[in-house]
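Coordinate analysis (summary)
One letter stands for each residue in the lines below.
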Amino acid sequence: MNDSATQINQNDLDIMRGFELSGFVPYLLNQAMSQLDNNLRHALKPYGLSIHQWRVLFMLNLRGFASIGDISAATVMGQSTITRVADQLEEAGLARRARMPDHKRVILLSLTKAGIDLIKDVIPVAFAIHDGAVEGFNKDEQQVLFTMLQKLASNFRRHEARQKLNDFTPNTTD
């Protein structure tokens, strides 16, 4: 083994010394999200909805209408996924598409009456899952949790934007 491989292995060992999964953000977030997704998936099953469909319906309920791009950005789901979900919701009679009057290339998605009625039935179920997730947290602790999660999401978006900028910035040192 050469010296650089030995150095890399030693650096890996140094990083891992004292490591605990209980203090590793990706692990903890994955644990929490997996359980939330499992609970939500189970709760949505009687309504015939997927988690992706729920997210889109809920957002449309909040906003009234939105473009595929806006839904994608707000839900952190790819535009192709949103388009597929929009197809499913439209086919089920829960949402409809319309062209934006002043931007004909932009398609807006909105709820139908059936979509509004369904989301009204599902919202209490989803909020019960939310309430279960924050059970045992007092109001101040909940606010700290929400603030920290918002900061975490902001950090991820900032890091992703920096990475995209670095990926597309030409190397001028040659």
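Use the structure listed above.
Residues numbered from 1 in each chain as written. Predicted model: local features only at pLDDT ≥ 70, side-chain atom pairs only at ≥ 80, totals over all residues. Heavy atoms only, no water.

**Notes on the sheet that holds strand β3 (residues 103-111)**
The antiparallel open sheet is built from 3 strands, whose spatial order is β1-β3-β2. Taken across any chain shown, the strands that pair with only one partner, and hence form the sheet edges, are β1 (65-67) and β2 (95-100). Between one strand axis and the next, the sheet turns through 35° on average, direction left out of account. Sheet topology places β1 next to β3; 3 bridges connect them, and they run antiparallel. Of the residues in β3, the one forming a bridge with alanine 66 is leucine 109. Packed onto the sheet, helix α4 (residues 68-75) meets β1 and β3 and runs at close to 90° relative to β1. (Pairing = 2+ DSSP bridges. Helix = DSSP H or I, 4+ residues; strand = E, 2+ residues; numbered from the N terminus. Axes fitted to C-alpha atoms, helices over the stretch in contact; angles between N-to-C directions. Contact = heavy atoms within 4.5 Å.)

**Points about the side chain of glutamine 53**
Mapped onto the secondary structure, glutamine 53 falls in helix α3 (residues 51-63). Excluding residues that lie within four positions of it along the chain, glutamine 53 makes contacts with Gly48, Val85, Gln88 and Leu89.

**Some details on the nonpolar core**
One recurring pattern in soluble globular proteins: nonpolar side chains tend to sit buried together. By size, the foremost hydrophobic cluster in this structure holds 28 residues, and its most contacted members are Trp54, Val56, Leu57 and Ile71. Within the residue set of this core, elements represented by two or more residues are α2 (25-44), α3, α4, α5 (79-91), β3 and α6 (113-133). If sequence neighbours within four positions are ignored, isoleucine 71 has contacts with Val56, Met59, Leu60, Ala66, Ile82 and Leu109. (Core = buried A, V, L, I, M, F, W, Y, C linked by side-chain atoms within 4.5 Å. Buried < 20%, exposed > 50% of the residue type's maximum accessible area, 1.4 Å probe, protein only.)

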